Structure formats: C-alpha cells, structure tokens
Amino acid sequence: AQTVTQSQPEMSVQEAETVTLSCTYDTSESDYYLFWYKQPPSRQMILVIRQEAYKQQNATENRFSVNFQKAAKSFSLKISDSQLGDAAMYFCAYRIPNFGNEKLTFGTGTRLTIIP
Amino acid sequence: KAGVTQTPRYLIKTRGQQVTLSCSPISGHRSVSWYQQTPGQGLQFLFEYFSETQRNKGNFPGRFSGRQFSNSRSEMNVSTLELGDSALYLCASSRGAAGNTIYFGEGSWLTVV
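Residues numbered from 1 in each chain as written. Chains lettered and ligands numbered in written order. Predicted model: local features only at pLDDT ≥ 70, side-chain atom pairs only at ≥ 80, totals over all residues. Heavy atoms only, no water.

Draft legend 1. Representation of the layout of surface pockets within the structure. Of the volumes computed, that of the largest pocket is approximately 800 Å³. In terms of lining, the largest pocket is formed by 38 residues, of which the most central are Gly107(A), Gln41(B), Gly42(B), Leu43(B) and Gln44(B). Elements supplying a minimum of two residues to the lining of the largest pocket: β1 (3–5), β10 (88–95), β11 (105–106) and β12 (110–115) of chain A together with β4 (31–38), β5 (42–50) and β9 (87–94) of chain B. Here the element with the most residues in the lining of the largest pocket is β5(B); it accounts for four residues. Residue composition of the lining of the largest pocket, by class: 19 nonpolar, 16 polar and three charged. (1 Å grid on protein atoms, 1.4 Å probe; cavity = no way out; pocket = protein on both sides within 12 Å on 5 of 7 lines; lining within 4 Å. Points joined across faces, edges and corners; volume = space filled by probe spheres on them. Helix = DSSP H or I, 4+ residues; strand = E, 2+ residues; numbered from the N terminus. Nonpolar A, V, L, I, M, F, W, Y, C, P; charged D, E, K, R; others polar.)

Draft legend 2. Geometry of the sheet that holds strand β8 (residues 74–78) of chain B. All names here are of chain B. Ordered by their spatial adjacency, four strands build an open sheet running β1-β3-β8-β7, and the pairing between neighbours is antiparallel. Only two strands of the sheet have a single partner each, and these edge strands are β1 (5–7) and β7 (64–68). Strand-to-strand twist of the sheet, defined as the mean angle between neighbouring strand axes without regard to direction, takes the value 20°. Pairing of β1 with strand β3 (residues 19–24) involves three bridges; the strand directions are antiparallel. In the sheet register, Thr 7 faces β3, and the bridge partner there is Ser 22. (Pairing = 2+ DSSP bridges. Axes fitted to C-alpha atoms, helices over the stretch in contact; angles between N-to-C directions.)

Draft legend 3. Looking closely at the side chain of Ser108(B). Residues and elements named next belong to chain B. Of note, Ser 108 is situated in strand β11 (residues 108–112). At a separation of 2.6 Å, a polar atom in the side chain of Ser 108 contacts the main-chain carbonyl oxygen of Pro 8. Look past the residues within four positions of Ser 108 in its chain and what remains in contact with it is Gln 6, Thr 7, Pro 8, Arg 9, Leu 21, Ala 87, Leu 88 and Tyr 89. (Polar contact = N/O pair within 3.5 Å; in protein donor to acceptor, adjacent residues only side chain to side chain. Contact = heavy atoms within 4.5 Å.)

Draft legend 4. Fine view of the state of the cysteines. Per the counting criterion, the structure on display carries two disulfides over all chains. With its sulfur 2.0 Å from that of its partner, Cys23(A) forms a disulfide with Cys92(A). Across the S-S bond linking Cys23(A) and Cys92(A), the dihedral sits near -70°, which makes this disulfide left-handed. Of this pair, Cys23(A) sits in the loop between β3 (19–21) and β4 (24–26) while Cys92(A) sits in strand β10, and the two are 69 residues apart along the sequence. Across the pair, exposure class does not vary: Cys23(A) and Cys92(A) are buried alike. Here Cys23(B) connects covalently by a disulfide to Cys91(B), the sulfurs 1.7 Å from one another. Between Cys23(B) and Cys91(B) the sulfur-sulfur dihedral comes to about -65°; the bridge is accordingly left-handed. You can see Cys23(B) sitting in strand β3 and its partner Cys91(B) sitting in strand β9, a full 68 residues away along the chain. The pair Cys23(B) / Cys91(B) is uniform in exposure class, with both members buried. (Disulfide = S-S within 2.5 Å. Buried < 20%, exposed > 50% of the residue type's maximum accessible area, 1.4 Å probe, protein only.)

Following this line, the structure appears as structure tokens:
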C-alpha cells in the first residue's frame, strides 16, 4: 500500500524568509502524481503545486517550488519570501494517474506558522 | 466559475441518528470524492463516484454510503451515528480523467453528541 510521511508536525518561519517542508512516500508504482495542498483556517483544501513522476524537472508555481527526488522517494516543498497568508496546514498527497482512480493518499500534515 | 459547494457547513447530531451531506461539484466535473478528516486519523478516503457509479471505496463500515445523481451532485449518508463519526467531511470534484486536478470544497463539520 502507498504511504505518505510528513515528519515535521510543525514549522515556523520569519516573514519574507524561505522554508522547506519535507515529504517522503512509499510506492511500487513507476508512474504517479504528487501534490502539495494547503489547508488554511477555513479548512478548504487548496492545491499549491503538483508534480508528475515522469517529469524530471521540478515543478514551480510562483513562490512555491518542489524538490522531487524519485529514487529517494522524496518530495519537499520550498516556500520563498514567506507571507502571512501562507500560514496553514500543508499536506503532501499521492495519486496513481489511472482512469477510475481519484483517490488521494495524504500525509499527516505540517502546520506552518509565519512570524511577522 | 463556482467551486465545490458543500451543505450544510455545520451540523450537530445525536448518537444513533443518521445524517446526509450534500456536495455540488464544479460545473462540468463528473467525479466526486468524499474524505473524512479527524485529528486522530487524518484525511481518509471514503469513496468516489463517476457518472452515478461508485468507482472506488475506502475502508469504512457499511454505515457510510453515498450516491451521485445525473447532474453529478452527490450525497453521502452516515447511519447509526457514533461519537467517532465526528469529523470534517470534505468533498472533492474533478473531470474524472487520469491526471485531472482535484478541487475541494470547504467541508461539512459534523459533531455527534
């Protein structure tokens, strides 16, 4: 079974600084998708960034980027120039891109605090 | 474009009762999934519907059920509520093809007393 592990329950960062959230996963599949979702106090899960396993290039979305290490099964999220609005729970998630399989497997989350 | 809409947002039920939660997906999305979020178990997949058919099911007892209507709206039902069913129930939708992005609603908070 696929598992996703986030070893940092809580992280904090000074506003405008950079922070990296860690995620490791276990799978025997060769093709899969990885995601980072953000859950602010409103509790809505918001997609931050996605990475297709077959792509060697790391995904980037504005201030958010990932470091995808397929052999090590590692998928970390880097947030640059942290802003107060980045404060939230961050979940790493995994999915097999098969038709008929919409299931996301989530990690336990990392609570990110931004220090003004 | 409207996002995923869940109703009701908050509700309180008594042990033994049943509850029905509703989810309206993004227009054009045919897949609807449900997740349970609790402090102890985290985010767990309940089930997924596509074109009115259940395609996937998580490891939950039969008290948890769902359905999808022809307009892609979905409902989930929990019968014989237990205290442990208290949770945030999140609905998500996508177009349903491999690799499509999954979008979430704001969730329905269920408290069982």
